[in-house]
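# Breakdown of the fold
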Amino acid sequence: MFSAEDHVFMSRALALTVHGRDTSTPNPSVGCVLVKGGRVIGEGWHEEAGLPHAEANALAAATESPEGATAYVTLEPCSHTGRTPPCADALVKAKVARVVAALEDPNPKVKGQGAARLREAGIRYESGLMEAQAREVHRGFLWRMTRGRPWMRIKSAATLDGRIALANGESKWITGEAARRDVHALRARSCAMLTGIGTVLRDDPQLTVRDVPAKRQPRRVLIDSRLDLPLQARLLQGEPILVFTASDDAAKRRRLEDLGAEVVSAPADPVKAGKTDLAAIARLLGEHGFNEVTVETGAKLNGSLLAAGVIDEIVLYLAPMLFGETAQGLFALPEFTALGEAPRPRLVDTRYVGADLRLTLRMET
């Protein structure tokens, strides 16, 4: 169905998505390539919500008339008017002859409608080229559209014996500078950074991108069931944070809101008194438009999020050191009495980052 040339140009469209990956949220970072007579005549990508989409940018960059050209796009062109005009209409107006999309857009406002609009105009429309690669590129957006919550990953650094801190709490620094820069690059691509009140009380983190260039900072999100966040915490410095709580203490809420925090009441956990429902929080994160959320917290919340079934990926940096059995572990999980009960994430990537080893694992869904 698709030629080798089609694969080459779609590969280029997929490569372009990296330019908008960190900044297009809550929209997908779509890439588009215009080809005429076997030559690329225009390229574009979506960089930021409210700015032109990939197709419009590719058409604007065209070095000659796009009439009769083929547009390779990583996601079905939109057909509705939001903050920008419909991309399907722009392609129709440009009189392209063919549109090749990697996959259908699951957004109910778009799904199948962009394709129908193009076909009605007599444009040859094909979909499914390099679909697996496109699903990987757009995984956060697709997850939010189809599951109602973001793609959520736990990031942690540990020793070879799976410890994240000494018994006295000391943990800076387990990994080297190269791994810490890599973590900041991971933060830069995240729509939000999530942590728990225990981590804030213990480490007072900033959760900002500092060691790599960043065009925007991820939203910082805190789960704080009782609103115990100290008013001098570094999380309250800079851009406003989002706090999920089960507390009805109006005075505490008002003090945080006076410092710029957005405080949202979350449903209480049906089993653990005084705790928030983590599955409900994941849905609320989706409602806030977050496509990818990275979790940096301690063993208790790590374990609770895994048990709630809302973690999709684990990025683990292993340092060549040993802390011993009294040190703090990675995940506080209930006791398993059979091997079949234990989670078995799938290892999808292994690489050295400086002297440390980075493992990327996916939870089976």
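The notes below deal with the structure included here. (Residues numbered from 1 in each chain as written. Predicted model: local features only at pLDDT ≥ 70, side-chain atom pairs only at ≥ 80, totals over all residues. Heavy atoms only, no water.)

## A few points about the pairing of strand β10 (residues 242–245)
As a reminder of what qualifies: Each residue's exposure class comes from its accessible area (1.4 Å probe, protein chains only) as a fraction of the maximum for that residue type: buried when under 20%, exposed when over 50%, partly exposed otherwise. Secondary structure elements are defined from DSSP: runs of H or I of at least 4 residues count as helices, runs of E of at least 2 residues count as strands, and each element is numbered from the N terminus. Should DSSP find at least two bridges between two strands, the strands are regarded as paired.
Of the two faces of β10, the one carrying Leu-242 and Phe-244 and the one carrying Val-243 and Thr-245 are both buried. The pairing of strand β9 (residues 219–223) with β10 spans 3 bridges and is parallel. Pairing of Val-221 across the sheet is with Leu-242, part of β10. Sheet topology note: the β10/strand β11 (residues 262–265) ladder contains 4 bridges and is parallel. Looking across to β11, one finds that Val-243 is bridged to Val-263.

## Focus on the nonpolar core
Spelled out, the test is: In this text, buried Ala, Val, Leu, Ile, Met, Phe, Trp, Tyr and Cys residues form a nonpolar core when linked through side-chain atoms within 4.5 Å. In what follows, a contact means two residues having at least one pair of non-hydrogen atoms within 4.5 Å.
Residues Met-10, Tyr-72, Leu-91, Val-99, Leu-118 and Leu-129 are the most contacted members of the largest nonpolar core, which totals 38 residues. The set of elements that each furnish at least two residues to this core consists of α1 (4–16), β1 (31–36), α2 (54–60), β3 (70–73), α3 (87–94), β4 (98–101), α4 (113–120) and α6 (139–147). A per-element tally of this core places α1 first, with 5 residues. Residue contacts for Leu-118: discarding those within four places in its chain leaves Pro-77, Ala-88, Leu-91, Val-92, Val-99, Ile-123 and Tyr-125. Counting 33 residues, the second largest nonpolar core, distinct from the first, contains Ile-154, Ile-164, Leu-194 and Met-363.

## Remarks on the environment of Leu-316
You can see Leu-316 is positioned in strand β13 (residues 313–319). As for Leu-316 and Ala-71, which are separated by 245 residues in sequence, their C-alpha atoms are 39 Å apart. If near-sequence neighbours (up to four positions away) are discounted, Leu-316 is found in contact with Ser-156, Ala-158, Leu-330, Leu-357, Arg-358 and Leu-359.

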